[in-house]
Amino acid sequence: MAAQILDGKTMSEEIRREVAERAAALKERGVTPGLAVILVGNDPASEIYVRNKGKGCEETGMLSRTIRMDASASQDELENEIEKLNRDDAIHGILVQLPLPAHLDEQAALAKILPEKDVDGFHMINAGRLMTGTEGVVPCTPKGALYMIRSTGIDLNGREAVVIGRSNIVGKPMAMLLLQQNCTVTVCHSRTKDLASHTRRADILVAAVGKPGFVTADMVKPGAVVIDVGINRVDGKVCGDVDFQAVREVAGWITPVPGGVGKMTIAMLLMNTVDAAERAAGRA
Ligand code: GUN
């Protein structure tokens, strides 16, 4: 039997409705949640992501501000923009779109964002909070992926979870979240030997590789939950890291691309922004 599709469109719409309600309640208290996105340079994929983030804010009644900087911007110029936004009471969330041009220091820039405004959850304080299981901001893509995994209703206790990819944005935080759910977690990466021997054991398989069709049907345990984080472009068409047509015949649940995790990433960003605005309003 073909896998059930985990529909990111429907799930993200539910989250957006909740975010819009919470944003409206804040507005009644005189606070409009505000997200600032800094885009350095004009990478075409980043342009699309940034546009979608701004659109998401507007659709849920939040303020969105995009700060565009030239590809040749210096580290000081970037950090000055971040510090201005840190001081701006109308802005509750700050996001620096990655990747940055190669001459800029990503970690140093992220470290300048006030941790309470770090709606991406990339600041080392928030990364540390996730690692230690204390309350903090959780990165949007793994948070959205976990929401989809939980929507299957399966008991995650003691399940084998395999994450392919060890990035700070997806792989590492995803592993932490699955560990918090009491999964037995394996993180695989480009140096992993005999990858398929790991993936075939996975009850939950998360692919964050960046290679189209990388996960094939023979790598998947029958009945597994397969979460495809990849967003690749092949001949102008968007596809994931999983060979969807073949893997859906083996898996129990699978996320499509497009219409899967990507939609959830933006929904979780909106949720992290309204969370930040509520925290700020609570303090005011
Ligand atoms: N680039 C790719 N994914 C992301 C993300 O989730 N946040 C930011 N800031 N940049 C990204």
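Read on for an overview of the structure. Because the structure is a prediction, the values reported are computed rather than measured.

A count of helices and strands for the protein chain gives ten helices and eleven strands. Referenced to the eigenvectors of the C-alpha coordinate spread, the extents of the protein chain come out at roughly 50 × 40 × 40 Å. In the protein chain, buried positions account for 49% of the 284 residues. Within the protein chain, residue pairs in contact and separated by at least 24 positions form 71% of the contacts whose partners lie at least 6 positions apart.

All right, on to the nonpolar core then. Counting 48 residues, the largest nonpolar core has I149, M174, L178, I204, V206, V225 and I227 as the members making the most contacts within it. Considering every element that reaches this core, the biggest residue donor is helix α10 (residues 261-283), with twelve residues. If we skip the residues at most four places from it in the chain, V206 touches I149, V162, V163, I164, M174, L178, I227 and V229. Core analysis: the next-biggest nonpolar cluster, separate from the first, contains 19 residues, M69, I94, L98 and L110 among them.

The next subject is unusual backbone geometry. Following L98, the chain continues to P99 via a peptide bond in cis, the omega torsion being 0 degrees. Along the chain, P99 falls in the loop between β4 (93-96) and α4 (106-112). Looking along the chain, the bond that leaves V257 and enters P258 is cis, with omega of 0 degrees. Mapping P258 onto the fold places it in the loop between β11 (253-254) and α10. Backbone geometry at N182 places phi at a positive 70 degrees, although glycine is not the residue there. With respect to the helices and strands, the residue N182 is situated in the loop between α7 (171-180) and β6 (184-188). Accessibility expressed as a relative area gives 44% for N182, which makes it partly exposed.

Taken as a whole, this structure holds twelve salt bridges when the rule is applied. Ionic pairing is found between D275 and R22, a salt bridge with its closest N-O pair at 2.5 Å. Of this pair, D275 sits in helix α10 while R22 sits in helix α1 (residues 8-28), and the two are 253 residues apart along the sequence. Linking E81 and K84 is a salt bridge whose minimum nitrogen-to-oxygen distance equals 3.3 Å. Here E81 and its partner K84 are both found in helix α3 (residues 75-87), three residues apart, which amounts to about one turn of the helix. A network of salt bridges, in which partner residues are shared, links E18, R22, D275 and E278.

Attention shifts here to the site of the ligand. The full set of residues close to the ligand is K53, L95, V96, Q97, L98, D120 and F122. One of the backbone N or O atoms of L98 is found 2.9 Å from a nitrogen atom in the ligand. Alone, the ligand offers 280 Å² of accessible surface; in the complex the protein occludes 82% of this. The class makeup of the residues in the shell around the ligand is four nonpolar, one polar and two charged.

Turning our attention to the sheet that holds strand β2 (residues 34-40). Strand order in the open sheet formed by three strands is β3-β2-β4, with parallel pairing between adjacent strands. This sheet does not close on itself; its edge strands, each paired only once, are β3 (63-69) and β4. The average undirected angle you get between the axes of adjacent strands in this sheet is 15 degrees. Pairing analysis gives four bridges linking β2 to β4, with the strands arranged parallel. Within β4, the position partnered with A36 by the bridge is I94. Lying on the sheet, helix α2 (residues 44-59) is in contact with β2, β3 and β4; it crosses β3 at an angle near 160 degrees.

The subject of this paragraph is the sheet that holds strand β8 (residues 225-228). In any sheet, the strands associate via hydrogen bonds between backbone groups, in a parallel or an antiparallel arrangement. If you walk across this open sheet you meet the six strands as β1-β11-β8-β7-β5-β6, and the pairing is parallel. The open sheet has two free edges, formed respectively by β1 (4-5) and β6, since each of these has just one partner strand. Sheet analysis places β8 next to β11, joined by two bridges and oriented parallel. In the sheet register, V225 faces β11, and the bridge partner there is W253. Against the sheet, α7 engages β5 (160-164), β6 and β7 (204-207), with an angle of about 170 degrees to β5.

What counts, and where the lines are drawn
- Residues numbered from 1 in each chain as written.
- Predicted model: local features only at pLDDT ≥ 70, side-chain atom pairs only at ≥ 80, totals over all residues.
- Heavy atoms only, no water.
- Helix = DSSP H or I, 4+ residues; strand = E, 2+ residues; numbered from the N terminus.
- Buried < 20%, exposed > 50% of the residue type's maximum accessible area, 1.4 Å probe, protein only.
- Contact = heavy atoms within 4.5 Å.
- Core = buried A, V, L, I, M, F, W, Y, C linked by side-chain atoms within 4.5 Å.
- Salt bridge = Lys/Arg side-chain N within 4 Å of Asp/Glu carboxyl O.
- Near = heavy atom within 4 Å.
- Polar contact = N/O pair within 3.5 Å; in protein donor to acceptor, adjacent residues only side chain to side chain.
- Areas by Shrake-Rupley, 256 points an atom, 1.4 Å probe, with all protein chains shown as cover.
- Nonpolar A, V, L, I, M, F, W, Y, C, P; charged D, E, K, R; others polar.
- Pairing = 2+ DSSP bridges.
- Axes fitted to C-alpha atoms, helices over the stretch in contact; angles between N-to-C directions.

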